[in-house]
Amino acid sequence: MDQWRHIIRSNTCNTAEVDVFLSFGKMSGHDQLVLCLCELTRLLWKLLLPLVILCALLLTVLVLLVLAVRYWLQSSRNARRARDGRPTVAFLHPYCNAGGGGERVLWCAIRALQNRYTDINIVVYTGDLGVTGQQILEGARRRFNIVLPRPPQFVFLRHRMLVEPNLFPHFTLLGQSIGSIFLGWEALTEFVPDLYIDSMGYAFTLPLFRYFGGCSVGSYVHYPTISTDMLSVVRERNPRFNNPDYVSNSLFLSAFKVVYYCLFALLYGMAGSCSDLIMVNSSWTLDHILSLWRAPNRTSVVYPPCDVSAFLDLPLEEEVDKKCHSIVSVGQFRPEKDHRLQIRAFKKVLDRRREGPGGRESLKLVLIGGCRNQQDEDRVLMLRGLCQELGVGDRVEFKLNIPFEELKRELAESTIGLHTMWNEHFGIGIVECMAAGKVILAHKSGGPKLDIVVPFEGGQTGFLADDEDSYAEAIDQILALPPASRLQIRRNARQSVARFSDQEFEICFLAAMEPLMGTLER
């Protein structure tokens, strides 16, 4: 032992360590384990302390960087305020040149603010690079019959493709949300407003404008990015447009997707809760937003504006000896609108009818809607192919991006208004059909079931269905009604939708905006 002690001491200068090493062999297994753990703990502590210091330094640098960026952005806003002499309200709506209900809300909201507050500027962040601001306003006039008191300022964003769903074939919700953060950053660095309104559902931009831009922030929610209904679809392994067969048929993939949805819902709720003001478009949306964002004191229902008055001049008369009945669908050509269900249900109706006058020739289906991009146009081609495959191509017409006057003509000539979207958040097209005096047949879910196709003064206002068979049966039932019975349903429907008029929207929207508008310095 002395010989070993001499050899080891000749190679080290620490006598205590030598003694520990030599006594290690005499220890029991338990004592050796305790000694090893003590040495490991001491080593980890030596490594942990520098790591904590490094993290603290990085956190400090990050905080200083955030403060510097915030100061830079607010300096930009202050310089702009000094130059303009008035506050600015900005709307993020990357697809403002589209022809859907969300765009109608945007233009009516801007018109209401401009009529009420003459001392503010309005900015619209848009990704429509192929058109000018004047062309966008002309499109709003042509499609929605809306003319603004003053033209707003348009800020054209170059990276709208970051929120395109086809960019993210997998993890689409997460990919689009991350993309919206980058798009929001581009918008914020291009123009820093005093009040920011997300009018298209990009909730992850709200903390960006609030904490970096120092803006007051609000949101108008048409449809929650994720909902408890979406979770239930995955849990129950039901195939839908956003839950393909290969996922619903796999227990592992379904379980993984549930976890992914739950984590995303948590992040979505945290982002949405940053909003100072939350407006939702229906009772169905309200329930989901309250469960996700948990801000009841800041949340209110503001029904979207429907151009009810524009359809009141259409005659409301008994349809006596009408030779051809037209079934009209009004809605953008998006997958969730489920135009396939409309075509398949229509096919079943035709199959029950004979050839010739009074049979197949007495019915036609007219699909009216807007195409936002090439993906929507490809979807229309697919739907045309489905019509040919089912043998109904000669009885189905497609009307794309038509002007408002043509829409009125089509509704005037129709008998039934058709809607098939599951859990539609609201349904402006449904209200327009009811205002035009058509018998509405809508999906038995969401806003149509809770807010729109509901009894009026005890009278029926329309019909609801939820699958091919029930839609086909409802169409047959409507067409079999005596003209006088159909007329009474049409009258009830027209009277019931007065609560969804442009005027009602402006009153509710301005009342909801009042607290935030009062904080703007003028």
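Since this is a predicted model, take the numbers as computed values, not measurements. (Residues numbered from 1 in each chain as written. Predicted model: local features only at pLDDT ≥ 70, side-chain atom pairs only at ≥ 80, totals over all residues. Heavy atoms only, no water.)

Observations regarding the overall build of the protein
This is how the line gets drawn: Think of it this way: any DSSP run of H or I at least four residues long counts as a helix, any run of E at least two long counts as a strand, and we number them from the N terminus. Buried residues are those whose accessible area, probed at 1.4 Å on protein chains only, stays under 20% of the maximum for their type, while exposed residues exceed 50% and partly exposed ones sit between those limits.
The helix and strand tally for the protein stands at 19 helices and 13 strands. Sorting the 522 residues of the protein into buried and exposed places 51% on the buried side.

Some thoughts on the environment of Asp-276
Here is the rule we go by: Should any heavy atoms of two residues lie within 4.5 Å, those residues are counted as being in contact.
Along the chain, Asp-276 turns up in the loop between α10 (251-272) and β6 (277-280). Using a relative accessible area of 28% as the deciding quantity, one classes Asp-276 as partly exposed. Along the sequence, Asp-276 and Arg-210 sit 66 residues apart, while their C-alpha atoms lie 9.2 Å from each other. What Asp-276 contacts, discounting residues up to four positions off in sequence, is Arg-210, Ser-216, Val-217, Arg-298 and Leu-516.

Brief notes about the UniProt feature "transmembrane region" (unreviewed entry) in the protein
The following threshold applies: UniProt positions are given in the numbering used here, feature names are shortened, and annotations may be inferred rather than shown by experiment.
UniProt records the feature "transmembrane region" (unreviewed entry) for residues 47-73, 167-188, 208-226 and 246-271 in the present numbering. Annotation note: span residues 47-73, helix share 100%, strand share 0%, distance between end C-alpha atoms 39 Å. When the span residues 167-188 is considered, its composition is 77% helix and 0% strand, and the gap between its end C-alpha atoms is 23 Å.

Looking at unusual backbone geometry
For residues other than glycine, phi is negative in most cases, and the peptide bonds are mostly trans. Residue Arg-294 is not a glycine yet carries a positive backbone phi of 55 degrees. As for its position among the elements, Arg-294 is in the loop between α11 (283-293) and β7 (299-301). For Arg-294, a relative accessible area of 66% translates into the label exposed. Notably, Asn-401 is not glycine yet its phi reads approximately 50 degrees, a positive angle. The topology assignment puts Asn-401 in the loop between β10 (396-400) and α14 (404-413).

A closer look at the layout of surface pockets
Just so we agree on the cut-off: Only protein atoms enter the 1 Å grid used here, on which a cavity is any set of points holding a 1.4 Å probe that cannot leave and a pocket is any open set flanked by protein within 12 Å on both sides along at least five of seven lines; residues with an atom within 4 Å of a point are listed as lining. Grid points are joined across faces, edges and corners, and a volume is the space filled by probe spheres set on the points. Residue polarity is assigned by list, with Asp, Glu, Lys and Arg as charged and Ala, Val, Leu, Ile, Met, Phe, Trp, Tyr, Cys and Pro as nonpolar; anything else, Gly included, falls into the polar class. By convention here, the domain bounds are inherited from an automatic or database domain assignment.
Here the second largest pocket is characterised by a volume of approximately 250 Å³. Residue lining of the second largest pocket: 21 residues in total, with Tyr-95, Gly-127, Asp-128, Arg-160 and Arg-372 positioned closest to the centre. A breakdown of the residues in the lining of the second largest pocket according to their chemical character gives seven nonpolar, eight polar and six charged. A domain split of the lining of the second largest pocket shows at least three residues from each of domain 1 (88-305 + 504-521) and domain 2 (308-500).

Observations concerning the packing of helix α4 (residues 101-116) against helix α5 (residues 133-144)
Convention followed: Fitted lines through C-alpha atoms serve as axes, helices being fitted only where they are in contact, and the angles separating the N-to-C directions of these axes extend from 0 to 180 degrees. In this scheme, roughly parallel covers angles under 35 degrees and roughly antiparallel covers those over 145, while 65 to 115 is roughly perpendicular and the rest are oblique.
Remark: α4 packs on α5, axes separated minimally by 11 Å, with the N-to-C direction vectors making an angle of 110 degrees. It follows that α4 is roughly perpendicular to α5 by the angle criterion. Note on element contacts: α5 touches α4 through Ile-136, Leu-137, Ala-140 and Phe-144, opposite Glu-103, Arg-104 and Trp-107. For the contact of α4 with α5, a count of residues per class yields five nonpolar, no polar and two charged.

Things to note about the pattern of salt bridges
Applied cut-off: Salt bridges are identified by distance alone: a Lys or Arg side-chain nitrogen within 4 Å of an Asp or Glu carboxyl oxygen.
The full count for this structure, using the stated rule, is 24 salt bridges. Across the pair Asp-194 and Arg-80 runs a salt bridge whose closest N-O atoms are separated by 3.1 Å. A residue pair is termed long-range when its members are at least 10 positions apart, and Asp-194 in the loop between α6 (172-190) and β4 (195-198) and Arg-80 in helix α3 (residues 29-84) qualify at 114 residues. Residue classification places Asp-194 among the buried residues on the basis of a relative accessible area of 9%. Taking the shortest distance from any N to any O, the salt bridge between Asp-128 and Arg-160 comes out at 2.8 Å. In this pair, Asp-128 is assigned in the loop between β2 (121-126) and α5 and Arg-160 in the loop between β3 (153-156) and α6, connecting sequence segments 32 residues apart. Note on accessibility: Asp-128 and Arg-160 belong to one class, buried. One salt-bridge network, in which partners are shared between bridges, spans Arg-104, Arg-111, Asp-502 and Glu-506.

Observations regarding helix α15 (residues 428-435)
Within α15, eight of the eight residues are buried, which leaves it mostly tucked inside the rest of the structure. Among the residues making up α15, those that are buried are Ile-428, Gly-429, Ile-430, Val-431, Glu-432, Cys-433, Met-434 and Ala-435. Backbone geometry just downstream of α15 places Gly-437 in the positive-phi region, at approximately 85 degrees.

Quick look at the side chain of Gln-342
Within the secondary structure, Gln-342 is located in helix α12 (residues 339-351). Since its relative accessible area comes to 3%, Gln-342 is described here as buried. Among all residues touching Gln-342, those that are not within four sequence positions of it are Ser-329, Lys-337, Leu-365, Leu-367, Leu-418, His-419 and Thr-420.

Description of the sheet that holds strand β5 (residues 216-221)
Note on sheets: strands pair through backbone hydrogen bonds, and any given pair is parallel or antiparallel. Stated formally: Pairing between strands is defined by DSSP: at least two bridges between the two strands are required.
In spatial order, the strands read β3-β2-β1-β4-β5-β6-β7; together these seven strands make up an open sheet with parallel pairing. Every other strand in the sheet has two partners, leaving β3 and β7 as the edge strands with one partner each. Taking each pair of neighbouring strands and ignoring which way they run, the sheet shows an average axis angle of 20 degrees. Pairing between β5 and β6: four bridges, direction parallel. By the bridge assignment for β6, Tyr-220 is matched with Met-279.

Focus: the packing of aromatic side chains
Condition: Each pair of aromatic rings taken from Phe, Tyr and Trp, with Trp reduced to its six-membered ring, is defined by centres within 6.5 Å and is described as stacked if the planes are under 30 degrees apart, edge-to-face if over 60, and tilted in the remaining cases.
Applying the stated rule across the entire model yields 18 aromatic pairs. For the pair Tyr-196 and Phe-209, a centre-to-centre distance of 3.7 Å together with 5 degrees between the ring planes defines the contact as stacked. Taken together, the residues Tyr-196 in strand β4 and Phe-209 in helix α7 (residues 206-212) connect sequence positions 13 residues apart. An aromatic cluster of three or more residues is present, and its members are Phe-171, Phe-256, Tyr-260 and Tyr-261.

Notes on the sheet that holds strand β9 (residues 363-369)
Within the open sheet, the six strands sit side by side as β10-β9-β8-β11-β12-β13. Their pairing is parallel. Edge positions in the sheet fall to β10 and β13 (462-465), since each of these pairs with one other strand and no more. When strand polarity is set aside, the average angle formed by the axes of neighbouring strands in this sheet is 25 degrees. Pairing of strand β8 (residues 325-330) with β9, which is carried by six bridges, proceeds in the parallel orientation. When the sheet's bridge partners are listed, Val-330 is paired in β9 with Ile-368. Relative to the sheet, α15 contacts β8, β11 (416-418) and β12 (439-443), its axis offset from that of β12 by approximately 165 degrees. Each of β8, β9, β11, β12 and β13 is contacted by helix α17 (residues 468-480), which is oriented at about 170 degrees to β12, the strand it contacts most.

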